[in-house]
Amino acid sequence: MRRSRQVLVAACGLAFAAATSVPVLAQTHSTSAPARALAVKKIQADNFRWCKASKASCSSTEDTNHRTHVVVGQKIKWIYRDTACDAYSICPGHNVTFAGRHSAGDTRMQGAVIYTTVFHKAGTYNYWCTHHKSEGMTGRIVVTKS
Ligand SMILES: [Cu+2]
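What you are looking at is a predicted structure, and each value in this text was computed from that prediction instead of being measured.

**Q** Before we move on, can you summarise unusual backbone geometry with the specific residues and values?
**A** Notably, Asn47 is not glycine yet its phi reads approximately 55 degrees, a positive angle. With respect to the secondary-structure elements, Asn47 resides in the loop between strand 1 (41–46) and strand 2 (49–52). Accessibility expressed as a C-beta count within 10 Å gives 20 for Asn47, which makes it buried.

Here it is, written out as structure tokens:
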């Protein structure tokens, strides 16, 4: 009995994986569920720039106006990893500032989250660090519906 139940569960799992599962999930959950199901998009602050958290480091020449694509409801996290900023005793750290929202303040601690946010409307949103905007520490979040 137990074995046949396991086989049934495994078969259901395969059938579920083979089916176009995303639309089914979207239909069976409430409107707040997709935000939890989506992977968190992580952006790092490094070399006085913003770039993908999966990169070893940001490029001070390539990552000005760094672009990040997310979908509506997807959480975005900015993480401090800037050893270049650490090397300057006068570096204030970094903040994340949009025209209509911003981090609570500056962050200067390895691995710390500078800011977390979610966009509920599709569009393009520019952001920057107020201290280093003029040096090129600027980015853009492109939010699409799906
Ligand atoms: Cu900064």
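**Q** How would you sum up the pairing of strand 4 (residues 75–80)? Please name residues and give values.
**A** Side-chain alternation along strand 4 places Ile76, Trp78 and Tyr80 on a buried face and Lys75, Lys77 and Ile79 on a face that remains uncovered. Of the pairings in the sheet, the one linking strand 1 to strand 4 comprises five bridges and is parallel in character. When the bridges of strand 4 are listed, Ile43 appears paired with Trp78. As defined by bridge partners, strand 4 adjoins strand 6 (residues 113–118) across five bridges and the pair is classed as antiparallel. Along strand 6, the bridge assignment pairs Ile76 with Thr117.

**Q** Residues and numbers for the pairing of strand 2, please.
**A** Note on strand geometry: in a regular strand, side chains alternate between the two faces of the sheet. Pairing between strand 1 and strand 2: four bridges, direction antiparallel. By the bridge assignment for strand 2, Gln44 is matched with Cys51. Adjacent in sequence and paired antiparallel, strand 1 and strand 2 are bridged by two residues, among which Asn47 carries a positive phi angle near 55 degrees.

**Q** How would you explain the nonpolar core if you had to name every residue and give the values?
**A** Counting 20 residues, the largest nonpolar core has Ala45, Trp50, Trp78, Val96, Ile114, Met137 and Ile141 as the members making the most contacts within it. Of all elements in the fold, only strand 1, strand 2, strand 4, strand 6, strand 7 (123–128) and strand 8 (138–144) reach the threshold of two or more residues within this core. The element that contributes the greatest number of residues to this core is strand 4, accounting for three residues. Among residues more than four places away in sequence, those in contact with Ile114 are Ala45, Trp78, Ile79, Tyr80, His94, Asn95, Val96, Ser103 and Thr107.

So, how was this worked out
- Residues numbered from 1 in each chain as written.
- Predicted model: local features only at pLDDT ≥ 70, side-chain atom pairs only at ≥ 80, totals over all residues.
- Helix = DSSP H or I, 4+ residues; strand = E, 2+ residues; numbered from the N terminus.
- Buried ≥ 20, exposed ≤ 12 C-beta atoms within 10 Å, placed from the backbone.
- Pairing = 2+ DSSP bridges.
- Core = buried A, V, L, I, M, F, W, Y, C linked by C-beta atoms within 7 Å.
- Contact = placed C-beta atoms within 7 Å.

These values are about where atoms sit, not about what they do.
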